[in-house]
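# Residue-level structure breakdown
Below, each chain spelled out in residue letters.
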Protein chains: 2
Amino acid sequence: MIGNGAVGVRGTLDEFGRGQLAACTLAGLYDQVPGCWREPVNAPNPFLCRVWCDGTLVSPLSLKPRSHRQWIDLRHAVHRRETAYILPDGNEVTVEAARFLSVTDVHMGFANCRVKATRACRLTIEAGVDGAVWDLNGPHLTGFGASEGPDETLLLAAPTQEQGVPVAVALAWEEELSDGATPMNRATVVAKDGIFVRRQYSLRAEAACTVRRFVNFRFGDDASSAALAGARAARALGGEALFAASAARWAERWARSDVRIEGDDDAQLALRYSLYQLLIVAPEHTDRVSIPARGLSGQVYKGGVFWDTEMFMLPFFSHTQPEMARRLLHYRVHTLDGARRKAKEYGFRGAFYAWESQDTGDDACTLFNITDVFTGRPLRTYFRDKQVHISADVALAIWRYWKETGDDSLLREGGAEVILECARFYLSCTCYVPDRERYELRDVVGPDEYHERVDNNAFTSAMARETLAIARQTLAWLQTRQPELHEELIARLDYAGDIPRLDEVHARLHVPEPDAKTGVIEQFSGYHALEAASLAEVKARVLKANEYWGAGQGVAAHTQVIKQADTVLLLHLFPERYPAAVRRANWEFYEPRTEHGSSLSACIYALVAAGVGNTEWAYRYFLKTATIDLTGQSKQYVGTLYIGGTHPAANGGAWMAAVQGFGGLRVAAERIILEPQLPAHWRALEFRFQWHGDWFDVRVTPHEVRLAAAAGNVQQVEATIAGEHCVCAPGTVVVCGLNGGALHA
Amino acid sequence: MIGNGAVGVRGTLDEFGRGQLAACTLAGLYDQVPGCWREPVNAPNPFLCRVWCDGTLVSPLSLKPRSHRQWIDLRHAVHRRETAYILPDGNEVTVEAARFLSVTDVHMGFANCRVKATRACRLTIEAGVDGAVWDLNGPHLTGFGASEGPDETLLLAAPTQEQGVPVAVALAWEEELSDGATPMNRATVVAKDGIFVRRQYSLRAEAACTVRRFVNFRFGDDASSAALAGARAARALGGEALFAASAARWAERWARSDVRIEGDDDAQLALRYSLYQLLIVAPEHTDRVSIPARGLSGQVYKGGVFWDTEMFMLPFFSHTQPEMARRLLHYRVHTLDGARRKAKEYGFRGAFYAWESQDTGDDACTLFNITDVFTGRPLRTYFRDKQVHISADVALAIWRYWKETGDDSLLREGGAEVILECARFYLSCTCYVPDRERYELRDVVGPDEYHERVDNNAFTSAMARETLAIARQTLAWLQTRQPELHEELIARLDYAGDIPRLDEVHARLHVPEPDAKTGVIEQFSGYHALEAASLAEVKARVLKANEYWGAGQGVAAHTQVIKQADTVLLLHLFPERYPAAVRRANWEFYEPRTEHGSSLSACIYALVAAGVGNTEWAYRYFLKTATIDLTGQSKQYVGTLYIGGTHPAANGGAWMAAVQGFGGLRVAAERIILEPQLPAHWRALEFRFQWHGDWFDVRVTPHEVRLAAAAGNVQQVEATIAGEHCVCAPGTVVVCGLNGGALHA
């Protein structure tokens, strides 16, 4: 897959179409066909390119290739392929193609296709804009208008169904012929849903023919004229210049983001692939969109933005490109009204963020998300109505962004308001239990979605209480540092009455604590009373491979088997509150009970394992999260629901496991902490991060940790490395010896 | 079926055994086989009797009868049968049999069997005690001891598995031979699980042979000797005397209970059959048992006592034999500690009565009650944990018993304590919602079990609030009339702190009210937002006949289709609080949405229909409830769970529909109200009832109501008949004219 945060193009071959799931997914443009799920719009595909040789379609769909290679140049974000065929007449035809999307002008893209043949032949190359793209709940674009310009340009445009937003994709054509290649006929093919140029060439033996397309994706007002102008401008610039600009930007990105592992090439590749996946879906161009759970790899999960972004992707961005983290969080500011509407819909006050958030922040999550494989009926799930931790996830992410970056602009520009409204939501949805003299948060779904509608979920209640604490700190900060904004917010939000309630509920909200003897935190009230069936036993009860394990009656629902890290996620988020013995006890208790039915699970088990010195298990789970889209073994169906695509949260988890787990990096408002735990076979780990505007490089080996402050830094920073306190001034390096590679081996 | 409140004997034929579901179910004795459901014990069957003629088994299991009749003499509670066969040799053999259980000594039973033949033959008659009885979760009795006395007595005894309670059944044999019948061989057959006497007779043509058995059922200490002594005593008394005593008691019962309908013989029969069913299962002999949901017809529903007794059967008993009502309610006093244990188990205070109550009051209801027909897996249901209205049902029944009978002994002897503990339970399980400044009762299951875990179920919340009101009134009554008991209870229950909370929660507990425009009460929060699929649409979605409609994902669970009267039951219980227009609006709204998947539903729709003058619908639902066990169409399976048997709650509902619905009888603490609504074709309805110790006879015709006070009454009673106020002195008759048969036609 390639992408630039505005468009994602699936890694299908040039000659592929709808039947092979070709799609160019647009970020931030959603459409709903009446009666279907609302989802992102897949733009017409301007990368379509088909080749015929002497009348034979040269494609793996019709011929068995002699050889085929397909790869991504991660450094420059280019998709490449090279396929060779031997035709029945013995002619050997080779097709080489490349495509990339610009990150300097996110509307722009480029593709080329070079065809050469060992024998003389007549070649036909067809390229154009194909509106017949893959859709899950489409078609979103109907009534295509196709046009051809006098200057070898094509345009395909159509409005979306729900709101009539114009979508336009333009293509500017350029060709290059080797000696022995001669152009012949040319035809324009206008279909109901596409426009293509078809060219014939006469080739002598060993001649080659290259076709280049400069493409442009647009939606909104003037989409057609902008797309055409953009395609022409790109062609005028030329392919090399376009590539050079984009590649330069990618070099900057990698310089900030790369994590180097010495001694483990597989892990190195998987980790770089993960970072690549994050970088291609992050929005460079706007703070009105965030990263959907399946990135820009299609329409799965309705293109919804989940908590995945705040909890699993954000640390990577806030440590390596805080301006991107800021944009992602600003999306939640822009969608605050949607969260308010959702709270109101459920009879609550404040902000109840969407479980699946699209352009407006209204919840795209449906009440019936999964189909029962036994009856074919929709299953009622409670993701939308009961997974109330989402608002806390948002509030915590905003707060931590400030703590980690020192940038208070987000708080000032809406972030504080989001926090206050999220806290108000928890004031509204907790209830007081007089018998126990405490507030409780009941009838929720925690991260472990197999157990729905539980009371006192430790993670959710702790997050709600944290949100109340953050709101109190936000108010204190506003009062001291932004008194006018403080006054304005309290008045506009009518918040004065809620301020004492923040204290009251914070002081008395029940959060399950570690058991005094075992250290285990009960995931929710009554969890320990559930059947203690082993994961193997529960798996043995499965009757159909894709059956859903939750939804009230699934095989896991009334056992202790959980879908994903839940209590363990809480320990990851607040390690300072839970001693290592408690973290270890909970990891050991919950790990064998976890199915990892969510791609969000493995990285958390890696992180908590690393935090308690269990690098062997940490490494196992790190590999699992880092290779999620490389093994081809990730879950493709739940019930009859297709959930395939990329997993940016797991990719973010790979960075966290490497840097925060093995690297042991923790940044607080006042200091940097490094407590490395390298896997036994790693010779070194290197990474870079930004903290409060300053840059730092870290190199960890089994014997020492080097923390280098960039020369341009402005602060002298306090750090705790392997338990040793030190100070790192701009342009200096601190070296700290380790005892055999791990602190608590 | 026959029964006497201590034993229920299924209406199977004399020659039937385990394979034909023969069972003699003991009231109040429960047993659990390890790993199975706990359920009542079926005693060995002493009614087994088999006949051979010249070596041929004379039974419908081996021969096709020429004729067969089987009936119950409702008046005397005798089961009778007469079956004739023509054997291959042309011999016509007739078997006549009768059996009854004594209601004057509830251990005693009697059976006879008369066999005659048209041709000379050799007859073998085997009778004895058969331990091979039907069990759902048995065997409960193993290791039988069998013995034979010198005086033609048999004894079969065995201990129960769980607690080793001895169970013994004895039989004393008597025979009578006509002229031409001669005894021949005699043998005693002792099997692993039975003991039988087998006798041969030589019969001349047209001779007959009668075998009588005096049987005795016992459990507990000295069961064997008591059973043997009881069987001998009954034989000494003689069959006629035994019958006469029992029949005399039955005559008394009918004199109090009978309801006469003129102009509708089918309805008359169905109603009498219903009253018979109630009378055979009500305990004469003890206040330690109550009536299980399937009476004594077997082990279905674990022999559990449900709210059925208090809400659907009790009105019949409290109006016609208050001493029986008192015993039934005393059972709840005896099981208060079980209810306390259940409350504690769920983290609550007070008394949370068992959903399925057995001998100790601990809940026999399992968490997985039903099997999914699609997967074969157990379905989690929330009957046990969430159907919290049960405690209110008990409290209300105790309170109403006092109001209706004037007998305060029950209150003094534990009833007041039950009420206070039930109210405390609601103090404990409601929570305060600061945003709404009210208490709410959330996450419950109302009578409509298809919708589990709902908030603010109108019925449940109203019943909880009523319990709080009753507790306040109970305290006031105690303080005034039983100051010592008042003081003792408050001290022993440590109740002082809860008294102000009764007022607080009563004042602020949210109970959904009728909509200002439509008059409809929303069954629970969010009900109106559910899919408004029609009952026919929902039925059309059913894939397998026995699939359960609820359990979270069933076809009704997320639609407005409900299992049974829920909000409408609330209107039935408190008609004075809801104007007729509201009752009519709710009846009309909920009736088309009700599946009547419970046998408790029809009578309530009959009652509320009658109350708003819709006698046509009232009659339709009355017939449905009164004929439930006559049509053979009641539900036999839910999932793979067998739920067949008798339906005493529906039988109680038939009495309520006739007397309280059509007769319009309502008794308050101070007066009697009669607002009759006869079905159009009924010429008259007559019934008798007791009120505060005095007896009254009512006769309703289309033209008048006659209320006759018995001469032995002691009070001059105020009555409101068809809206007219009057006074009815002992020995007098009040006649009140009606306008065309109905007051609000």
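Positions within a chain are numbered from 1, following the residues in the order the chain's sequence is written. Chains carry letters from A onward and ligands carry numbers from 1 onward, assigned in written order. With pLDDT at 70 or above as the cut-off, local features in this predicted model cover only qualifying residues; side-chain atom pairs require 80 or more to be listed or tallied, and sums for whole chains, interfaces and linings still use all residues.

### Observations concerning the overall build of chain A
Along chain A, the regular secondary structure elements total 18 helices and 32 strands. The reference for a compact globule is 2.2 Å times residues^0.38; the radius of gyration itself is calculated from the C-alpha atoms. Over its C-alpha atoms chain A spans a radius of gyration of 27 Å, differing by no more than 12% from the 27 Å that the globule rule assigns to 745 residues. With the C-alpha coordinates aligned to their principal axes, the bounding extent of chain A is approximately 85 × 60 × 60 Å. Expressed as a percentage of the 745 residues in chain A, the buried residues total 56%. Numbering of helices and strands runs from the N terminus, with a helix taken as a DSSP run of H or I at least four residues long and a strand as a DSSP run of E at least two residues long. Field definition: a residue is buried when 20 or more other C-beta atoms are found within 10 Å of its C-beta, exposed when 12 or fewer are, and partly exposed for counts in between, with C-beta atoms placed from the backbone.

### Regarding the packing of helix H4 (residues 308-320) of chain B against helix H8 (residues 389-405) of chain B
Packed helices, taken two at a time, are described by their axes: the angle between them and the distance between them. Residue and element names in this part refer to chain B. Between H4 and H8, whose axes approach to 11 Å, the crossing angle comes to 15 degrees. Here H4 lies roughly parallel to H8, going by the angle between them. Crossing hand, H4 versus H8: right-handed. For the pair H4 and H8, the contacting residues are Glu310, Met311, Leu314 and Ser318 in the first and Asp393, Val394, Ala397, Tyr401, Glu404 and Thr405 in the second. Residues are grouped as follows: nonpolar covers Ala, Val, Leu, Ile, Met, Phe, Trp, Tyr, Cys and Pro; charged covers Asp, Glu, Lys and Arg; every other residue, Gly included, is treated as polar. By residue class, the composition of the contact of H4 with H8 is five nonpolar, two polar and three charged. As a rule, the C-alpha atoms of each element are fitted with a line to give its axis, helices using only the stretch in contact, and angles between N-to-C directions run from 0 to 180 degrees. In what follows, roughly perpendicular refers to angles from 65 to 115 degrees, roughly parallel to angles under 35, roughly antiparallel to angles over 145, and oblique to any angle outside these ranges. Two helices cross in a left-handed way if the nearer one is turned anticlockwise from the farther one by less than a right angle. They cross in a right-handed way if the turn is clockwise. Working definition of a contact: two residues with C-beta atoms, positioned from the backbone, lying within 7 Å.

### Notes on the interface of chain A and chain B
Tallying the contact residues gives 20 residues for chain A and 20 residues for chain B. Elements with a contribution of two residues or more to the side of chain A that touches chain B: strand E20 (378-380) and strand E21 (431-433) of chain A. Looking at which element gives the most residues to the side of chain A that touches chain B, the answer is E21 of chain A, with three residues. Tallied by class, the residues present in the side of chain A that touches chain B amount to eight nonpolar, five polar and seven charged.

### Here we look at the domain arrangement of chain A
For each domain, the first and last residues come from an automatic or database assignment. Taken as a whole, chain A is organised into domain 1 (2-255), domain 2 (258-662) and domain 3 (667-737). Between domain 1 of chain A and domain 3 of chain A, the C-alpha centre-to-centre distance is 45 Å.

### A few points about the packing of helix H17 (residues 615-626) of chain A against helix H18 (residues 648-662) of chain A
Residue and element names in this part refer to chain A. Two elements in contact, H17 and H18, have axes separated by 8 Å at closest approach and are oriented at 150 degrees. Considering the angle they form, H17 stands roughly antiparallel to H18. Considering the relative orientation of H17 and H18, their crossing is left-handed. The segment H17 lies against H18, with Ala618, Phe622, Thr625 and Ala626 engaging Ala650, Gly653, Ala654, Ala657, Ala658 and Gly661. A breakdown of the residues in the contact of H17 with H18 according to their chemical character gives seven nonpolar, three polar and no charged.

### Observations concerning the sheet that holds strand E8 (residues 78-86) of chain B
Residue and element names in this part refer to chain B. Strand pairing is assigned whenever DSSP identifies at least 2 bridges connecting the two strands. Spatial strand order, E7-E8-E9-E10-E17-E14-E13-E12: eight strands in an open sheet with antiparallel pairing. The open sheet has two free edges, formed respectively by strand E7 (67-73) and strand E12 (145-148), since each of these has just one partner strand. Each strand axis lies, on average, 15 degrees off the axis of its neighbour in the sheet, ignoring direction. Bridge count between strand E14 (residues 166-177) and strand E17 (residues 208-219): eleven bridges; the pairing is antiparallel. In the strand pairing of E17, Glu176 is matched with Thr210. Seen against the sheet, helix H1 (residues 223-237) touches strand E10 (108-117), strand E13 (153-159), E14 and E17 and runs at an angle of roughly 25 degrees to E14.

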